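Below are the chains, spelled out letter by letter.
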Amino acid sequence: MATAALFHGTSLPFFRCNTRCTMSNLPENGGPLPQIPVQRVTLKHLGLKHKKGEPITMVSAYDYPSALHLDRAGIDICLVGDSAAFLVHGHETTLPISLDEMLVHCRAVARGTRRPLLVGDLPFGSYEASSVQAVESAIRILKEGGMDAIKLEGGSPFKVAAAKSIVEAGIAVMGHIGLTPQAISVLGDFRPQGRDVESAMKIVESALALQEAGCFALVLDCVPSPVAAATTSALQIPTIGFGAGPSCSGQILLYHDLLGMLQHPHHAMVVPKFCKQYGHVGAEINRALSDFREEVVNHSFPGPEHTPYRISSDALDGFLNELERRGLSKAASSAAAAAEKDEKVMRDEEENDGAPISLTSVTEGP
């Protein structure tokens, strides 16, 4: 069982080796240094952190670039979440994303990480029909997606049975209770859970049932801090808080949210109140795109420093002659004018001790 494996120094079987290494074809003379092998996070590592009371960090990622950033930051767990449905695909809920779409995200993230434990969400519709379907989908997440474990939502008896079947198939499972976005059809909207006695006790009971089923950790989503504290205390496995206060064993935020990446009104509707923005990447992206557009419109990009490729005089003469021979006189004139401009830039840079000259100054002439 996953819990026993977590706390007795062993880990469940995974489809990847314990050390993520990258192979590099180095040129004979110089080139980048070989990558140093990085020990990846396993269930054993998480169990040791939990035992020592060390907080566990978890962030979502959906593609190769975001995975690289998580890897370099030293995040413990990388979740390829079905939140990609609204953060990447533009849907208003997580329901539309398919297992095949999730696998594309999983593979991209797996290529970009060496250190964190990789957890892939089972999307809505991929495990509700039966425990057999749940196991088959979980196998695909590992074999085709390159993940180490899966996450599934809910604590109902059926979901607990599905988690148990997946664990028994040799696949690590992370549970997810509290607010479960895949249950939006029943919930009606995204609202916090555990705010009355019955609902709060249901969270504790579901957590214990999922632990008994073999889950190695649980996400507590949008629950009051006292409920999260009680749940964490009642369990022997780590809890990861998502809007559940500081008493959990670790914390998760979504990549786009914590970076302040998206500024669109659609995104504002789905950013949770508890999310802290550690950056304002979206504003910087908007600035960069606006600057690019402006420089293209006013002909200041590309300048000489971004026009690096040259053609030799002999090749240029042959090219111009061939254009003329084929009746492309206008094209030949354009090529000659561009070559003359390049020559002027090179002369001006030599006179300026190699400092780049702006294209605007070249266009304006002496």
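Further up the page is the structure itself.
*Asks:* Got a minute to help me understand the sheet that holds strand S10 (residues 250–253) in this structure?
*Replies:* Within a sheet, adjacent strands bond to each other through the backbone by hydrogen bonds, running parallel or antiparallel. Ordered in space as S3-S4-S5-S6-S7-S8-S9-S10, the eight strands form a closed barrel in which the pairing is parallel. Adjacent strand axes in the sheet meet at a mean angle of 25° when their direction is disregarded. For strand S9 (residues 239–242) and S10, the ladder comprises two bridges, and the chain directions are parallel. Opposite isoleucine 240, over in S10, you have glycine 250 as the bridge partner. In the packing of helix H9 (residues 197–213) onto the sheet, contacts are made with strand S7 (172–178) and strand S8 (217–221), and the angle to S7 comes to roughly 175°.

*Asks:* Even after reading the chapter, I still don't get the packing of aromatic side chains, so can you show me in this structure?
*Replies:* What describes a pair of aromatic rings is the distance from one ring centre to the other and the angle between the planes of the rings. In the structure shown here, the tally under the stated rule is two aromatic pairs. Between phenylalanine 292 and phenylalanine 301, the aromatic rings sit 6.0 Å apart at their centres with planes inclined by 65°, giving edge-to-face as the arrangement.

*Asks:* Honestly, the side chain of histidine 105 in this entry has me stumped. Any pointers?
*Replies:* Counting through the fold element by element, histidine 105 comes out in helix H5 (residues 99–112). Of the residues examined, histidine 105 reaches a relative accessible area of 9% and is grouped as buried. Within the structure, histidine 105 has its side chain in polar contact with the side chain of histidine 89 (distance 2.9 Å). Excluding residues within four positions of it along the chain, histidine 105 makes contact with Tyr62, Val80, Ala84, Val88, His89 and Ile97.

*Asks:* Would you mind showing me how to read helix H7 (residues 157–168) here?
*Replies:* Residues spaced three or four apart along an α-helix point in a common direction, a consequence of the helix completing one turn every 3.6 residues. If you check H7, its first and last C-alpha atoms are 16 Å apart, about what twelve residues at 1.5 Å a residue would give, namely 16 Å. Looking only at H7, the buried set comprises Lys159, Val160, Ala162, Ala163, Ile166 and Val167. Burial along H7 is one-sided: seen end-on, the buried residues are contained in an arc of 160°. Of the residues in H7, the exposed ones pointing more than 90 degrees away from the buried face are Pro157 and Glu168. Just beyond H7, the residue with positive phi is glycine 170, at close to 90°.

*Asks:* I tried to follow helix H3 (residues 64–73) on my own but got confused; where do I start?
*Replies:* Within the sequence span of H3, burial applies to Ser66, Ala67, Leu70 and Asp71. Down the axis of H3, the smallest arc covering the buried residues is 140°, so these residues share one side. Every exposed residue of H3 that faces more than 90 degrees away from the buried side is listed here: Arg72 and Ala73. Phi turns positive one or two residues past the end of H3, at glycine 74, with a value near 80°.

*Asks:* Got a minute to help me understand the pattern of salt bridges in this structure?
*Replies:* When charged atoms on two side chains of opposite charge get close, those side chains can pair. A complete count under the given rule lists twelve salt bridges for this structure. Across the pair arginine 114 and aspartate 71 runs a salt bridge, and its minimum N-O distance is 3.9 Å. Of this pair, arginine 114 sits in the loop between H5 and strand S5 (117–121) while aspartate 71 sits in helix H3, placing them 43 residues apart in sequence. The exposure class assigned to aspartate 71 is buried, which follows from its relative accessible area of 13%.

Rules used throughout
- Residues numbered from 1 in each chain as written.
- Predicted model: local features only at pLDDT ≥ 70, side-chain atom pairs only at ≥ 80, totals over all residues.
- Heavy atoms only, no water.
- Pairing = 2+ DSSP bridges.
- Helix = DSSP H or I, 4+ residues; strand = E, 2+ residues; numbered from the N terminus.
- Axes fitted to C-alpha atoms, helices over the stretch in contact; angles between N-to-C directions.
- Contact = heavy atoms within 4.5 Å.
- Phe/Tyr/Trp six-rings, centres within 6.5 Å; stacked < 30°, edge-to-face > 60°.
- Buried < 20%, exposed > 50% of the residue type's maximum accessible area, 1.4 Å probe, protein only.
- Polar contact = N/O pair within 3.5 Å; in protein donor to acceptor, adjacent residues only side chain to side chain.
- Expected span 1.5 Å × (residues − 1).
- Arc of directions from axis to C-beta.
- Salt bridge = Lys/Arg side-chain N within 4 Å of Asp/Glu carboxyl O.

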